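Observations on chain architecture
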Amino acid sequence: MKINKPLIGTIFRIVIGLVFILSAVLKYLSIEVVDLFFFDHKLLPWVITTFLSRFLIAFEAIVGFMLVLGLYPKLTKILTFITLIGFTIYVILKPFLFDVTQENCYCFGDLIQFSDTQTIIKNIILLVMALSLYWAKVWMPKRRKLILIGIIVLVLGLTFAIKPPDYIQAKIYGHRAEIRPEIFEYVKELDNVKALNIDKGRKVVGWYGTGCKYCKRAAKKIDIIIERHNLNKENFVEIFGGKEKSLNEFYKVSGTEPLNNTFIPIIPFLNTTHGKMPVVLLLENGKVVKLYKLTTIDEEYIVEFLTNKN
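Residues numbered from 1 in each chain as written. Predicted model: local features only at pLDDT ≥ 70, side-chain atom pairs only at ≥ 80, totals over all residues. Heavy atoms only, no water.

Points about the nonpolar core
Across soluble globular proteins, you tend to see nonpolar side chains buried next to one another. Rules: The criterion is simple. A nonpolar core is a set of buried Ala, Val, Leu, Ile, Met, Phe, Trp, Tyr and Cys residues joined through side-chain atoms within 4.5 Å. Remark: exposure states derive from per-residue accessible area (1.4 Å probe, protein chains only) relative to the maximum for the residue type, with buried under 20%, exposed over 50%, and partly exposed in between. Helix and strand definitions follow DSSP, with helices as H or I runs of at least four residues and strands as E runs of at least two, each counted in order from the N terminus. Residue contacts follow a heavy-atom distance rule, with two residues in contact if any of their heavy atoms lie within 4.5 Å.
Ranked by internal contacts, the top residues of the largest apolar core, which has 30 residues, are Tyr 208, Ile 222, Phe 236, Val 280, Ile 297 and Ile 302. Listing elements by their share of this core, those giving two or more residues are α2 (31–39), β2 (202–209), α10 (213–229), β3 (236–241), α11 (247–254), β5 (279–284) and α13 (299–307). It is α10 that contributes the most residues to this core, seven residues altogether. Not counting chain neighbours up to four residues away, the residues in contact with Phe 236 comprise Val 204, Ile 222, Ile 226, Leu 231, Leu 259, Asn 260 and Leu 306. Judged by nonpolar contacts, the second largest core, of 24 residues, contains Ile 16, Leu 67, Leu 71 and Ala 130.

The structure is reproduced here in structure tokens:
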């Protein structure tokens, strides 16, 4: 039986392309946790990380569309092998270079979880399939350059428009956290809060609900900032509202280590921040210097605030 190499190559080319597109889409649908996963590598500041994660997703989607459509076959083959080999090398070296989870590599976001081992096997299978790209039929339209440019512009535009990085969101929508000073003053006088000494020196206070997924992300973001800049954990405090029995689950899900923390009654907890959470407060001798929402947490300012004593 004669093997129809062009047919096999074309089918595999489309399959690999669809996997690339699926990977990009699923990562994008869980972009918030993907951003945190990349940030957890502690290589780059938060703002740069959120931009690069979107460029990576867009790149993967563009290569996927090039594969499916058969555009620029030589370039597409090079990009396909570079991407698959590069991702595989990264996954192999990751446990030795970075203190991040090996249970999910986030190649499909958190909607389909692949361990590092499963990812390596998946990539090897795709690499074997990619060898058939040399047999695949190609599409050589007269305006292929315009088609590729259109794909690049569309993918990049959608990637940054639908779920823009926090920096852009904050600028566009004017995200701002607010508190009610009179209630916050009442909270500071509670015995368990006074025991945390938040009215002495400079403190970063996280205002979290134990069941709030955005609070877990804020806690993880703060946790990474502490480790990335080797900040003193004694300067960080967590004030919780909610059920105390859920605290262990909060730390487990967020992947963070407990900081100095306490619980306060739910009514003053909610009233202090107009029912909004998470809120991160920067205090100097008990006075509010800055207020942040999840999308406005400023890594650079926090580091300077805690390390610059002038």
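Let us keep going from here.
Some thoughts on unusual backbone geometry
Each neighbour pair has its own omega, and for Met 277 with Pro 278 the value is 0 degrees, a cis peptide bond. Its location among the elements puts Pro 278 in the loop between α12 (266–272) and β5. Positioned with a positive phi, Tyr 72 is a non-glycine residue whose angle comes to about 45 degrees. Structurally, the position occupied by Tyr 72 is in the loop between α3 (46–69) and α4 (73–97). Unusually for a residue other than glycine, Asn 285 sits at a positive phi of about 50 degrees. Owing to a relative accessible area of 49%, Asn 285 belongs among the partly exposed residues under this scheme.

Brief notes about the packing of helix α1 (residues 5–29) against α3
Selection rule: All axes here are fitted lines through C-alpha atoms, helices being fitted over the stretch that makes contact, and every angle between N-to-C directions spans 0 to 180 degrees. Relative orientations are named as follows: roughly parallel for angles under 35 degrees, roughly antiparallel for angles over 145 degrees, roughly perpendicular for angles from 65 to 115 degrees, and oblique for any other angle. Crossings are classed by handedness, with left-handed meaning an anticlockwise turn of the near helix from the far one by less than a right angle and right-handed meaning a clockwise turn.
Where α1 meets α3, the closest approach of the two axes is 7 Å, and the angle between their N-to-C directions is 155 degrees. For the element pair α1 / α3, the angle class is roughly antiparallel. The handedness of the crossing between α1 and α3 is left-handed. For the pair α1 and α3, contact is made by Arg 13, Ile 14, Ile 16, Gly 17, Leu 18, Phe 20, Ile 21, Ser 23, Ala 24, Lys 27 and Tyr 28 and by Ile 57, Glu 60, Ala 61, Val 63, Gly 64, Phe 65, Leu 67, Val 68 and Leu 69, respectively.

Observations regarding the pairing of β3
In regular strands, side chains alternate between the two faces of the sheet. Quick reminder of the rule: Strand pairing is assigned whenever DSSP identifies at least 2 bridges connecting the two strands. When the strands point away from the viewer, a crossover counts as right-handed if the path from the first strand over the helix to the second runs clockwise.
Counting buried positions along β3 gives six out of six residues, so the element sits mostly inside the fold. The side-chain alternation of β3 yields two buried faces, one formed by Phe 236, Glu 238 and Phe 240 and the other by Val 237, Ile 239 and Gly 241. The sheet contact formed by β2 and β3 spans six bridges and is parallel. Bridge pairing in β3 places Gly 206 opposite Glu 238. Once the chain exits β2 it traverses α10 before rejoining the sheet at β3, and the crossover so formed is right-handed.

A few points about a nonpolar patch on the surface
Where we set the bar: Residues forming no salt bridge and having over 30% relative accessible area are the ones grouped into patches, like charges within 9 Å of each other and nonpolar side chains (Val, Leu, Ile, Met, Phe, Trp, Tyr) within 5 Å. Areas reported here follow the Shrake-Rupley algorithm with a probe of radius 1.4 Å; residue values treat only the protein chains shown as occluding. By convention in these notes, a salt bridge is any Lys or Arg side-chain nitrogen within 4 Å of a carboxyl oxygen on Asp or Glu.
The grouping of Ile 85, Ile 89, Ile 92, Leu 93, Phe 96 and Leu 97 at the surface amounts to a nonpolar patch, some 610 Å² of accessible area in total. Topologically, Phe 96 is positioned in helix α4. According to the relative accessible area criterion, Phe 96 is exposed, its value standing at 69%.

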